[in-house]
Amino acid sequence: MPELPEIAVFARDMQKELLGRRISGIEVLQPKCLNVPEEAFEAVLTGADIVAVTPHGKWIQVETSQGWLLLNLGMGGEILLTDRDHLPEKYRLIFDLADGQCLAVNFWWFGSVHYVKQLHEHQQVSALGPDVMSLTLDDFCALLRGRRGGVKSFLLDQKRMAGIGNVYAQDPLFKARIHPLRAINTLSDDEIQALYHAIRETLQESIDHGGAAYELNLYGEHGGWDNSFLLVAYREGEPCPTCGTKIEKIKTGSTSTHICPSCQ
Ligand SMILES: [Zn+2]
């Protein structure tokens, strides 16, 4: 499932490639992914110029001259910059560009391709907390202050801050030596600060390497952030890189978390 780094890489590459280009046609093979009737969607976005592409959590926000196109890959999917002669085997939607290239969008399961005239009209995006990478340390402390409940479920709550899923929650908790079930109101200032820096470091490392290796980018290439970057995540039974204790997998609400029982 794409998380913040993969979405940030898509948005960065789309911004670079699509700025100022015009959508000349739209082909929808899966109308269920739209939030408006197919005809209305095609009518309003055909002829639109792309103004900017920005990430917000797991959403890609494409600002156009005629409103906002919002993409969410759901459990996974691809956005490929290609042309009609080189379409991927599977796609749910195509945006033709005026110069002959196109964007082919595919979902492994369900995804969303939404249109709104104004960004604040979009219920799901407006309900999101700030994008994690946009937070300063002060913002992060303010978000956590006075909160009850476990620290990991807080990190995953997209309404508090957007972008972190199960893959990128685990190693930052390990780096900050915090057990995922710790109550937020028991964390010291030093621990909160360590967690903030660990989250940024892990996300930035993945962004710098083009996102997770199991996801494809805009050019159909795999990201470079592979399993070798994982510290404890998905390493059940292996030795902790710090102290050598066996890494355990524990249940944390609806998700599992890998931890070092000595370090955390
Ligand atoms: Zn350890």
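Throughout what follows, the structure given in this document is the object of discussion. (Residues numbered from 1 in each chain as written. Predicted model: local features only at pLDDT ≥ 70, side-chain atom pairs only at ≥ 80, totals over all residues. Heavy atoms only, no water.)

## Observations regarding the overall build of the chain
Phase 1 of the analysis: Secondary structure summary: the chain contains seven helices and 10 strands in total.
Phase 2 of the analysis: Its C-alpha atoms give the chain a radius of gyration of 20 Å, near enough to 18 Å, the size a compact globule of 264 residues would have.
Phase 3 of the analysis: If one aligns the C-alpha atoms of the chain with their principal axes, the spans along those axes are about 55 × 35 × 30 Å.
Phase 4 of the analysis: Considering only residue pairs separated by 6 or more positions, the chain has 62% of its internal contacts joining residues 24 or more positions apart.
Phase 5 of the analysis: Of the roughly 12,100 Å² of accessible surface on the chain, 51% is carried by carbon and sulfur atoms. (Helix = DSSP H or I, 4+ residues; strand = E, 2+ residues; numbered from the N terminus. Rg over C-alpha atoms; globule rule 2.2 N^0.38 Å. Contact = heavy atoms within 4.5 Å. Areas by Shrake-Rupley, 256 points an atom, 1.4 Å probe, with all protein chains shown as cover.)

## Concerning the pairing of strand β7 (residues 101–107)
Residues in a regular strand point their side chains to alternate faces of the sheet.
Phase 1 of the analysis: In terms of burial, β7 is largely enclosed, as six of its seven residues are buried.
Phase 2 of the analysis: Judged from the seven bridges that link them, strand β5 (residues 77–83) and β7 form a sheet pairing that is antiparallel. Note on β7: the bridge partner recorded for Thr82 is Cys102.
Phase 3 of the analysis: Relative to β7, strand β6 (residues 93–97) runs antiparallel, the two being bridged by four bridges. By the bridge assignment, Leu93 is partnered in β7 with Val105.
Phase 4 of the analysis: Where β6 hands over to β7, the hairpin turn is made up of three residues, of which Gly100 adopts a positive phi near 105°. (Buried < 20%, exposed > 50% of the residue type's maximum accessible area, 1.4 Å probe, protein only. Pairing = 2+ DSSP bridges.)

## A closer look at the sheet that holds strand β2 (residues 50–56)
Phase 1 of the analysis: An order of β2-β3-β4-β8 is seen for the four strands of this open sheet, with the pairing classed as antiparallel. On the outer flanks of this sheet lie β2 and β8 (112–116), each paired with one strand and no other. When the angles between neighbouring strand axes are averaged without regard to direction, this sheet yields 20°.
Phase 2 of the analysis: With respect to the sheet, helix α1 (residues 4–18) is in contact with β2, β3 (59–64) and β4 (67–72), its orientation differing from that of β2 by roughly 170°.
Phase 3 of the analysis: Against the sheet, helix α2 (residues 38–45) touches β3, β4 and β8, its axis set at about 65° to β8. (Axes fitted to C-alpha atoms, helices over the stretch in contact; angles between N-to-C directions.)

## Here's the deal with the packing of aromatic side chains
Phase 1 of the analysis: Under the criterion given, the structure shown has five aromatic pairs.
Phase 2 of the analysis: Taking the centre distance of 5.2 Å and the plane angle of 55° together, the rings of Trp109 and Phe110 count as tilted.
Phase 3 of the analysis: A network of ring pairs unites the aromatic residues Tyr168, Trp225 and Phe229 as a single cluster. (Phe/Tyr/Trp six-rings, centres within 6.5 Å; stacked < 30°, edge-to-face > 60°.)

## Comments concerning the pairing of strand β9 (residues 248–252)
Phase 1 of the analysis: Note that β9 and strand β10 (residues 255–259) share five bridges and pair antiparallel. When the sheet's bridge partners are listed, Thr252 is paired in β10 with Thr255.
Phase 2 of the analysis: Counting the residues that bridge the hairpin from β9 to β10 gives two residues, and of these Gly253 lies at a positive phi of roughly 65°.

## A look at helix α4 (residues 137–144)
Phase 1 of the analysis: For α4, the complete set of buried residues consists of Phe140, Cys141 and Leu144. Along α4, the residues classed as buried sweep out an arc of 100° about the axis, all on the same side.
Phase 2 of the analysis: Buried-residue contacts for α4 involve α5 (151–156) and α7 (189–208).
Phase 3 of the analysis: Gly146, located one to two residues past α4, shows a positive phi value of around 75°. (Arc of directions from axis to C-beta.)

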